[in-house]
Amino acid sequence: MKNGITHYHHGVIWEEENGVSQGYRVKDTLYISGQFSHDMQGEFVGAGDIERQTQQTLDNLDRVLAGFGAERSNLAYVEIYLTDVLAHFEPCVALFKRYVGDHRPAGSLIGVTGLASPEQLVEISAIAHLN
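Residues numbered from 1 in each chain as written. Predicted model: local features only at pLDDT ≥ 70, side-chain atom pairs only at ≥ 80, totals over all residues. Heavy atoms only, no water.

**Quick notes on the pairing of strand 2 (residues 23-26)**
Of the two faces of strand 2, the one holding Gly-23 and Arg-25 is buried and the one holding Tyr-24 and Val-26 is not buried anywhere. As paired elements, strand 2 and strand 3 (residues 29-35) share four bridges and run antiparallel to each other. Bridging across to strand 3, Arg-25 finds its partner in Leu-30. The hairpin formed by strand 2 and strand 3 contains two residues between the paired strands, and Lys-27 there has a positive phi angle of roughly 55 degrees. (Buried < 20%, exposed > 50% of the residue type's maximum accessible area, 1.4 Å probe, protein only. Helix = DSSP H or I, 4+ residues; strand = E, 2+ residues; numbered from the N terminus. Pairing = 2+ DSSP bridges.)

Structure representation (structure tokens):
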């Protein structure tokens, strides 16, 4: 591992086009790109369904963490973006709380007018540690 840096990719076709890694490691810190609701073939999942999208997004976050040998308890900071905070705050936060359990990373929830794809309701990025 050169300079302690590694990259993680889900292996979906559109990753190469975007010019970023899903995760990037510098020493013991992981920088995790915004995850959203897609399956491992790169197809969007859960159009119009915030709970399904949030769960798939969290599953994708788990894949990035696992790619570095990390777990949810390694999350230090989580940023959640919602396109409709009023309608989606409660179901999204309920799933997130279940996801992290007793672990309490720092975080922000931000309302936005749009995300990368028009059907996307949620995106989650994070910073994690390996020690």
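**Quick look at the environment of Ser-37**
Structurally, the position occupied by Ser-37 is in the loop between strand 3 and helix 2 (50-67). Given the relative accessible area of 0%, Ser-37 is considered buried. C-alpha separation for the pair Ser-37 and Ile-50, spaced 13 residues apart in sequence, amounts to 9.7 Å. Each residue touching Ser-37, except ones within four places of it in the same chain, is listed here: Glu-43, Phe-44, Val-45, Gly-46, Arg-52, Gln-53, Gln-56 and Thr-57. In this structure the side chain of Ser-37 is engaged in a polar contact, spanning 2.5 Å, whose partner is the backbone oxygen of Val-45. (Contact = heavy atoms within 4.5 Å. Polar contact = N/O pair within 3.5 Å; in protein donor to acceptor, adjacent residues only side chain to side chain.)

**What about the nonpolar core?**
Side chains that are nonpolar tend, in soluble globular proteins, to be buried together. Ranked by internal contacts, the top residues of the largest apolar core, which has 24 residues, are Leu-61, Leu-65, Leu-75, Ile-80 and Tyr-99. At the level of elements, strand 3, helix 2, strand 4 (75-82), helix 3 (85-100) and strand 6 (122-129) are the ones that each hand at least two residues to this core. Discounting chain neighbours no more than four positions away, the residues touching Tyr-99 are Leu-58, Leu-61, Asp-62, Leu-65, Arg-72 and Leu-75. (Core = buried A, V, L, I, M, F, W, Y, C linked by side-chain atoms within 4.5 Å.)

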